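Summary of the model geometry
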Amino acid sequence: MTLRSVSAPVSAPPPLAARARSTGGSPVRDILAVTARPEMINFAGGLPAPELFDRDGVAAAFRHVLEETPAQALQYATTEGEPALREALAARTSARGLATAADDLLVTTGSQQALSLLATALLDLGDTVLVEAPCYLAALQVFGLAGARIVAVPGDADGPDPEALAELVVRERPKLLYTVPTFQNPTGRTLPAGRRAAIASVAARHGLWIVEDDPYGELRYDGERVPWIAAHPDALDRTVLLGSFSKVMAPGLRLGWLRGPAELRRACVVAKQAADLHTPTVNQLAAARYLAVNDLDAHVAKVAAVYRERRDAMLAGLGEALPDGSVWNRPEGGMFLWVRLPESYDTTALLPQVVRQDVAYVPGAPFYAGEPDRSTLRLCFVTQTPEEIGEGLRRLGKGLKR
């Protein structure tokens, strides 16, 4: 007997979660997709210069672990991370003024994952998170996906205002403050030591977690290093410090870490077990091998010297490229500088006109949790040579003309 198919009503599948529907994609990633043409001079991406990667050193480290310890390198590992890598990271952190043991650290798949783990461990739907204005864009995405209420702390060229922070903590009862205090993304600014101490004091008095993200701190070109907020006595029991190899070794390794108090760190371990079990073993062992036989600090110093030259090239050309009345900062390190055009300019609306000149930036608006300053934009200065930067600024000036 032959069965005939009978037409029946077809129902749509259930909708996406509300958090997925309400959180947009990354404008930076969207811009990178549009500007992938080889003729494009891209000031939009936060991309380390690939010609400066220590390809030979990294390749040798991978060869060593695959030839000498293949069973371990290709096997599952503990969620907390490979002991050899955590020991090396603890030694580097301690040498920079924050006493750290291997057991204080959780290795993550990039420091971006650390943010996601912290959101899972700390935030319930509707909890309040305090951020800088402007703020690292991907952090806004993480907190938005967690269903948090995101509130910007008023500040100035030195970062969040501690008095405004204290008022917000009392009024809003937030779970955490997220900050990139050294060479911030997107502005490139650095919080002075006194302000860091004041922020730590607010957290201690009022009960607040501080998430201190430090992906750029080793890329210093001028001035003296400022100690971490996490090293301040008031912040020792309530600060989570995030680090990464993305800007000093290679972003493709996807290696980051989280240093924090034991109870919170354990909660992040559980969250990571649910996310990816552990960070890739072979990458961790290769990084540990690299640190054991190479001088990473010497490599970073070479990279910083090149980046300093590129920063200076961009600073030298901005005056001619930008409209009269524009202002910008001079970062002491990192990868970015921040521009504010005259108030009548909208950098989001202007971007297509600029891209037609084969150059790109990131508009400032997406970096704001509250009302954006639409006249702002972010420029990355590390990816191009000084000559390319000069040409890119010429194109930028042409694209910004009305």
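Predicted model, so just to flag it, every value in this text is computed and none were measured.

**Things to note about helix α13 (residues 347-355)**
For an α-helix, the turn length of 3.6 residues means that residues three or four places apart are oriented alike. If you check which residues of α13 are buried, you get Thr347, Leu350, Leu351, Val354 and Val355. Along α13, the residues classed as buried sweep out an arc of 135° about the axis, all on the same side. N-capping of α13 is provided by Asp346, with a side-chain oxygen placed 3.0 Å from the backbone N of Thr348.

**Comments concerning the pattern of salt bridges**
Between side chains of opposite charge, a pair can form when the charged atoms approach closely. In the structure shown here, the tally under the stated rule is 21 salt bridges. A salt bridge links Arg195 to Asp156, with the nearest nitrogen and oxygen atoms 2.8 Å apart. Within this pair, whereas Arg195 is found in helix α9 (residues 193-206), its partner Asp156 is found in strand β5 (residues 155-156), the two being separated by 39 residues in sequence. On the basis of relative accessible area, Asp156 is assigned to the partly exposed category, the value being 39%. For the salt bridge of Asp373 with Arg340, the shortest nitrogen-to-oxygen distance reads 2.6 Å. With Asp373 in the loop between β14 (362-363) and β15 (376-380) and Arg340 in strand β12 (residues 336-340), this pair connects stretches of sequence that are 33 residues apart. Overall, Arg340 belongs to the partly exposed group, its relative accessible area being 34%. Beyond isolated ion pairs, a larger network of salt bridges with shared partners links Arg92, Arg96, Glu218 and Asp297.

**A look at the packing of helix α8 (residues 162-172) against α9**
Put simply, α8 and α9 touch, their axes get as near as 9 Å, and they point 15° apart. Accordingly, the angle class assigned to the pair α8 and α9 is roughly parallel. For the element pair α8 and α9, the recorded crossing hand is right-handed. Between α8 and α9, the contacting residues are Pro162, Leu165, Ala166, Val169 and Val170 on the first element and Arg195, Ala198, Ile199, Val202, Arg205 and His206 on the second. When its residues are assigned to classes, the contact of α8 with α9 shows eight nonpolar, one polar and two charged.

**Observations concerning the sheet that holds strand β7 (residues 176-179)**
What the seven strands build is an open sheet, ordered β2-β10-β9-β8-β7-β3-β4; its pairing is mixed. Each having just a single partner strand, β2 (105-108) and β4 (149-152) make up the two edges of the open sheet. Each strand axis lies, on average, 20° off the axis of its neighbour in the sheet, ignoring direction. In terms of strand pairing, β7 meets strand β8 (residues 209-213) through four bridges, oriented parallel. Bridge pairing links Leu177 to Ile210 in β8. Lying on the sheet, helix α5 (residues 83-95) is in contact with β2 and β10 (256-259); it crosses β2 at an angle near 115°. Sheet strands in contact with helix α10 (residues 262-275) are β2, β8, β9 (239-244) and β10, and its direction is about 25° off that of β2.

**Section: the layout of surface pockets**
In this approach a probe as big as a water molecule rolls over the atoms, and the regions it shows empty are the leftover space. Considered as a void within the structure, the second largest pocket measures approximately 410 Å³ in volume. Around the second largest pocket sit 23 residues that line it, and Arg96, Asp214, Gly217, Glu218 and Trp228 are the ones nearest its centre. Taken together, the elements giving at least two residues each to the lining of the second largest pocket come down to α5, β9 and β10. Broken down by element, the residue count for the lining of the second largest pocket peaks at four residues, all from β9.

**Topic: the pairing of β2**
Along β2, one buried face is formed by Leu105 and Val107 and the opposite face, lined by Leu106 and Thr108, is buried too. With four bridges connecting them, β2 and β10 associate as antiparallel partners. Along β10, the bridge assignment pairs Leu105 with Arg259.

The rules behind each value
- Residues numbered from 1 in each chain as written.
- Predicted model: local features only at pLDDT ≥ 70, side-chain atom pairs only at ≥ 80, totals over all residues.
- Heavy atoms only, no water.
- Buried < 20%, exposed > 50% of the residue type's maximum accessible area, 1.4 Å probe, protein only.
- Helix = DSSP H or I, 4+ residues; strand = E, 2+ residues; numbered from the N terminus.
- Arc of directions from axis to C-beta.
- Polar contact = N/O pair within 3.5 Å; in protein donor to acceptor, adjacent residues only side chain to side chain.
- Salt bridge = Lys/Arg side-chain N within 4 Å of Asp/Glu carboxyl O.
- Axes fitted to C-alpha atoms, helices over the stretch in contact; angles between N-to-C directions.
- Parallel < 35°, antiparallel > 145°, perpendicular 65-115°, else oblique.
- Left-handed = near helix turned anticlockwise from the far one by under 90°.
- Contact = heavy atoms within 4.5 Å.
- Nonpolar A, V, L, I, M, F, W, Y, C, P; charged D, E, K, R; others polar.
- Pairing = 2+ DSSP bridges.
- 1 Å grid on protein atoms, 1.4 Å probe; cavity = no way out; pocket = protein on both sides within 12 Å on 5 of 7 lines; lining within 4 Å.
- Points joined across faces, edges and corners; volume = space filled by probe spheres on them.

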